[in-house]
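Breakdown of the fold
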Amino acid sequence: MRNNKVMKKDNICIGISQCLTNSIVRYDEKNKYNKDLIVYLSQYFKLNPICPEVECGLSVPRPAVELVNENNRIKVIGRDDKTLDVTDKLINYSKEKVKALSGLSGYVFKSRSPSCGIGSTPIFNLNGEQQDYGNGVFVTALLSQYPKMPVAEGESLESETARNEFVQMVFAYEQSEQDV
Ligand code: SF4
C-alpha cells in the first residue's frame, strides 16, 4: 500500500461540499463545518469548495427544497412551498458545472442534501410521503460525467480506516487519469 504521507499537498485537487467548510452557504444560514475532516483532507489534497445551490443563483438564506418523484422524473421542489420549483435551474447549472471539473480527482459531499447527497437523500412522492433515497442532482450530474471518480459523504469518513481508503482511492484515480 502506498504511504499517504509521501504524497504532496496541492498536487491533487478534490471537490467538497462548501457547507462542510467554514462557509455560510446553507439554506438556513448555518454550516456543517467538519474541521477535523477538512484538516485531514487538506494534508493530501487541495480542496475545491462548491455549493451548487448558491452557484446556481439561490440565495442565503433560501427556502428549503427536497427531491420529489413526479411521474418518474426527479424534481427539486420547495419543502414548505410546493409551488417553488428549482429543478431546471439546479439541473442545468449542474450539467454545465461538472464539465469544468475534469481536474478533480475525488469529491466529498454533504449527506442527505437534494443537491449533494450520495444515495442518502430522501425522495418524496406527490403526497409528501418519503418513498426512497437517492442521489442529489449535482451528484447525479457529476457521476454521469465522471462515473469512476471516487466520492464519499463526509459522515462516512469518520474513521481513520475509511479516510485512508478514500485517500488511496483518490490517489489511484488520479494516477489512472494521468495514464490515459
Ligand atoms: S449540501 Fe451542497 S447545496 Fe447544500 S449547502 Fe452544502 S454545498 Fe450547498
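Now for a description of the structure that goes with this document. Small disclaimer: the values here were computed from a predicted structure and weren't measured. (Residues numbered from 1 in each chain as written. Predicted model: local features only at pLDDT ≥ 70, side-chain atom pairs only at ≥ 80, totals over all residues.)

Looking at the site of the ligand
Residues in contact with the ligand, as listed here, are Ser-17, Gln-18, Cys-19, Val-25, Arg-26, Cys-51, Pro-52, Glu-53, Lys-110, Ser-113, Ser-115 and Cys-116. Residues of the shell around the ligand, tallied by class, amount to 5 nonpolar, 4 polar and 3 charged. (Near = placed C-beta within 6 Å. Nonpolar A, V, L, I, M, F, W, Y, C, P; charged D, E, K, R; others polar.)

Some words on the sheet that holds strand S6 (residues 121–124)
With mixed pairing, the 4 strands of this open sheet are ordered in space as S4-S3-S6-S7. The open sheet has two edge strands with one neighbour each: strand S4 (73–78) and strand S7 (130–134). Each strand of the sheet is rotated relative to its neighbour by a mean of 40 degrees, with strand direction disregarded. Examined bridge by bridge, S6 and S7 share 4 bridges and lie antiparallel to one another. By the bridge assignment for S7, Ile-123 is matched with Asp-132. (Pairing = 2+ DSSP bridges. Helix = DSSP H or I, 4+ residues; strand = E, 2+ residues; numbered from the N terminus. Axes fitted to C-alpha atoms, helices over the stretch in contact; angles between N-to-C directions.)

Points about the nonpolar core
Counting 41 residues, the largest nonpolar core has Ile-14, Val-76, Tyr-107, Val-108, Phe-109 and Leu-142 as its most contacted members. Elements with a minimum of two residues in this core: strand S1 (13–17), strand S3 (65–70), S4, helix H3 (87–99), strand S5 (104–109), helix H4 (137–145), strand S8 (151–153) and helix H5 (160–179). Here this core gets 5 residues from one element, more than from any other, and that element is H4. If sequence neighbours within four positions are ignored, Leu-142 has contacts with Val-98, Leu-101, Tyr-107 and Met-149. (Core = buried A, V, L, I, M, F, W, Y, C linked by C-beta atoms within 7 Å. Buried ≥ 20, exposed ≤ 12 C-beta atoms within 10 Å, placed from the backbone. Contact = placed C-beta atoms within 7 Å.)

As for the packing of H3 against H4
Two numbers describe how H3 lies on H4: the axes approach to 9 Å, and their chain directions differ by 35 degrees. Considering only the axes of H3 and H4, their crossing is right-handed. Together, Leu-90, Ile-91, Ser-94, Lys-95, Val-98 and Lys-99 of H3 and Val-137, Phe-138, Ala-141, Leu-142 and Gln-145 of H4 make up the contact between the two elements. Looking at the contact of H3 with H4 residue by residue, the class counts come to 7 nonpolar, 2 polar and 2 charged. (Left-handed = near helix turned anticlockwise from the far one by under 90°.)

What to know about the environment of Thr-121
Its location among the elements puts Thr-121 in strand S6. For the pair formed by Thr-121 and Lys-110, sequence separation is 11 residues and the distance between their alpha carbons is 10.0 Å. With sequence-adjacent residues up to four places away left out, Thr-121 is seen in contact with Leu-67, Arg-112, Ser-113, Pro-114, Tyr-133, Gly-134, Asn-135 and Gly-136.

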